[in-house]
Each structure stands twice: as C-alpha cells, then as structure tokens.
Amino acid sequence: MKTGITQALLAAVTFALAFTTSVAHAVIIHLPGATVDFYYDDAQPGMAAFGSLNVVGDSIFAQPTNFFAEALNAGGSDSFSALGTVMVVAMPGYAFNLVQVGQQGDYTLSGAGASVSAAATLDVTDSNNAATTVSTPLASTSNYTLQGTNPWDSLAPVDLSTPFWSGVSSVDLTLDVLLTASTTNAGESARIDNKFTGGGLVTIQTTPIPVPAAVWLFVSGLGLFAGFVRRRADR
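Residues numbered from 1 in each chain as written. Predicted model: local features only at pLDDT ≥ 70, side-chain atom pairs only at ≥ 80, totals over all residues. Heavy atoms only, no water.

Draft legend 1. How the structure looks around the overall build of the chain. A tally of helices and strands in the chain yields two helices and 13 strands. Taken over 235 residues, the chain has a buried fraction of 40%. Accessible surface, the chain as shown: approximately 12300 Å² in total, 60% of it carbon and sulfur. (Helix = DSSP H or I, 4+ residues; strand = E, 2+ residues; numbered from the N terminus. Buried < 20%, exposed > 50% of the residue type's maximum accessible area, 1.4 Å probe, protein only. Areas by Shrake-Rupley, 256 points an atom, 1.4 Å probe, with all protein chains shown as cover.)

Draft legend 2. Looking closely at the nonpolar core. With 44 residues, the main nonpolar core has Phe 50, Leu 53, Val 88 and Val 124 as its most contacted residues. Ranked by the residues each element gives to this core, the list is headed by strand 11 (residues 170-182), at six residues. Leu 53 has contacts with Leu 31, Tyr 40, Met 47, Ile 60, Phe 61, Ala 62 and Val 86, leaving out every residue within four places of it along the chain. (Core = buried A, V, L, I, M, F, W, Y, C linked by side-chain atoms within 4.5 Å. Contact = heavy atoms within 4.5 Å.)

Draft legend 3. Local environment of the environment of Tyr 107. One can find Tyr 107 in strand 7 (residues 94-110). Expressed as a C-alpha distance, the spacing of Tyr 107 and Asn 194, which sit 87 residues apart in the sequence, is 8.9 Å. Each residue touching Tyr 107, except ones within four places of it in the same chain, is listed here: Val 116, Asn 143, Tyr 144, Thr 145, Leu 146, Gly 148, Thr 149, Asn 150, Pro 151, Trp 152, Arg 191 and Ile 192. Side-chain polar atoms of Tyr 107 contact the backbone nitrogen of Leu 146, separated by 3.3 Å. (Polar contact = N/O pair within 3.5 Å; in protein donor to acceptor, adjacent residues only side chain to side chain.)

Draft legend 4. Representation of the pattern of salt bridges in the model. Counted according to the given criterion, the structure contains three salt bridges. Residues Asp 106 and Lys 195 are paired through a salt bridge, measuring 2.7 Å at the closest nitrogen-oxygen approach. With Asp 106 in strand 7 and Lys 195 in strand 12 (residues 189-197), this pair connects stretches of sequence that are 89 residues apart. Of the charged contacts in the structure, one is a salt bridge between Asp 193 and Arg 191, with a shortest N-O distance of 2.8 Å. Counted as one network, the salt bridges with shared partners bring together Glu 70, Arg 191 and Asp 193. (Salt bridge = Lys/Arg side-chain N within 4 Å of Asp/Glu carboxyl O.)

Draft legend 5. Broad picture of the sheet that holds strand 8 (residues 115-126). Reading across from one edge, 1-2-6-11-8-9 is the order of the six strands in this open sheet, with antiparallel pairing throughout. Here the strands that pair on one side only, and so sit at the sheet edges, are strand 1 (28-32) and strand 9 (129-137). Strand after strand, the sheet turns through a mean of 20 degrees between neighbouring axes, direction not considered. (Pairing = 2+ DSSP bridges. Axes fitted to C-alpha atoms, helices over the stretch in contact; angles between N-to-C directions.)

Draft legend 6. Broad picture of the pairing of strand 11. The pairing of strand 6 (residues 77-90) with strand 11 spans 13 bridges and is antiparallel. Bridge pairing in strand 11 links Ser 77 to Ser 182. Sheet analysis places strand 8 next to strand 11, joined by 12 bridges and oriented antiparallel. Looking at the pairing, Ser 117 lines up with Thr 180 of strand 11.

Draft legend 7. Spotlight on the packing of aromatic side chains. Following the criterion strictly, the structure yields six aromatic pairs and no others. Between Phe 61 and Phe 196, the aromatic rings sit 6.3 Å apart at their centres with planes inclined by 10 degrees, giving stacked as the arrangement. Here Phe 61, found in strand 4 (residues 59-62), pairs with Phe 196, found in strand 12; they are 135 residues apart in sequence, far enough to count as distant. What makes Phe 61 buried here is its relative accessible area of 15%. Given a relative accessible area of 22%, Phe 196 falls into the partly exposed group. The interplanar angle of 35 degrees and the centroid separation of 5.9 Å between the aromatic rings of Tyr 107 and Tyr 144 together place this pair among those described as tilted. Pair noted here: Tyr 107 is in strand 7 and Tyr 144 is in the loop between strand 9 and strand 10 (148-159), with a separation of 37 residues, a long-range link. One exposure class covers both Tyr 107 and Tyr 144, and it is buried. These aromatic residues form a ring-pair network of at least three members: Phe 50, Phe 67 and Phe 80. (Phe/Tyr/Trp six-rings, centres within 6.5 Å; stacked < 30°, edge-to-face > 60°.)

Draft legend 8. Molecular detail of the side chain of Thr 35. The topology assignment puts Thr 35 in the loop between strand 1 and strand 2 (36-41). For Thr 35, a relative accessible area of 10% translates into the label buried. A distance of 2.5 Å separates polar atoms of two side chains, one belonging to Thr 35 and the other to Asp 58. Setting aside its immediate chain neighbours within four residues, Thr 35 contacts Asp 58, Val 89, Ala 90, Met 91, Tyr 94 and Thr 206.

Fair warning: the whole summary comes from geometry, so function is off the table for now.
Spelled out as structure tokens, the structure:
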C-alpha cells in the first residue's frame, strides 16, 4: 500500500514540477474526485478554449462558451482547434478500469454547399512511461449534413483493465479537437459549436484493489488472538 501511495504522490509532484519548470506562469489546478485526483496546467495554450473544468464523482467536464468554427458566403472557410492534457492519479486502494472521453455540441447549416465537421483524438499515456500510450479517435454517429440546427456528439472509450495497463496508477489524458466549417455559395452559412466536453463523458472508472489472501489471514488471526486474550482476562 505504501508503494501505491508513494507512486501516486511522486506522479503528482513530477507533473507539477515539469509544468512549473517549463511554463513560467503555470498554475497547476488540483480537482479531487471520488477515487481519483485530477491535475491540469491552467496555462496550457489549448486549455483556454475549454474554459473552467469541474468534477463530479470521477467525471471531469467543461462547458465551453467560445469554442466554434463559422463560415459565411461563397468560399468561406474556418477552423478552430484546441489541445489540452489532464493528469489523473488513482487514489490509494484503487486501480483504473476504464476511461471515456466525449464531446457534444450543435451545428447549423444553411445552403447546399455548407458543411461542418468535428474531429478529435484521445491519447491516454502512463504519466511515468510515455511508451505506454494508446491513441484513439473519437467516434461519432451524428449526421453532419442536415440543414438547420442539429446536435452532434462523439465518444472514445479506452479499456484500462488489460495487462497493458497493469500497475499504472497515473495517466495523462490528452484531447486534440478540430472543428471546421465551410461554405461554397453566396448567402450560405455554416457553424459548429463544441458546448460540452465531459460531464459523464469524461469518466474514470476504478475498481478497489483486492487485499491479498495472506493479509486477510493475518487480520483474522489477530481477531482470534484478541478474542482469546479477552476470554483469558475475563476468567
């Protein structure tokens, strides 16, 4: 157990020192969850697009208000990209099981030549070993061709319960998002907004680390011994 605590604290300290050293005005934000702790550098250039981050349970989320791409009239083209990283440290006694990262928003199309798109990639990396990493595109079933205003969403789950992640108690979640909008003809308009990143979508699932059978036997033995001592004392 001491090893797990030491690794978690070391990962958090290493993260903080790395950003503090490389970014003069870095502000390391710590948000405690139910079974994990979240850390992120508020001075990351791409983080500003997401706005303030909030935590409920083991879910971290943002509700951006100025994260959009918009194009107007013939030959209009616009894009907006943002990249942010959050470190997640499992609390002592817990191991990672699953991470899900997603985003939601809406788009508006007016004109046959208007189009929008939303692309995003999630990188999950062992905070202490960059070689242990998985890169997953966020998948979407949304139809981005409907006229008028319509919702869109995308999601990427990553299984952290496999042997590949065995012993990993701290991961970096890096989300790279790109929104695009374009128009072809005069009078057309296209706009796509990212309004929700997380909120039950950026979810960390953990499982309690089972206590070894030998420890249970030891504790049970102590209980029996204590009972024996009490009985002797009562005689």
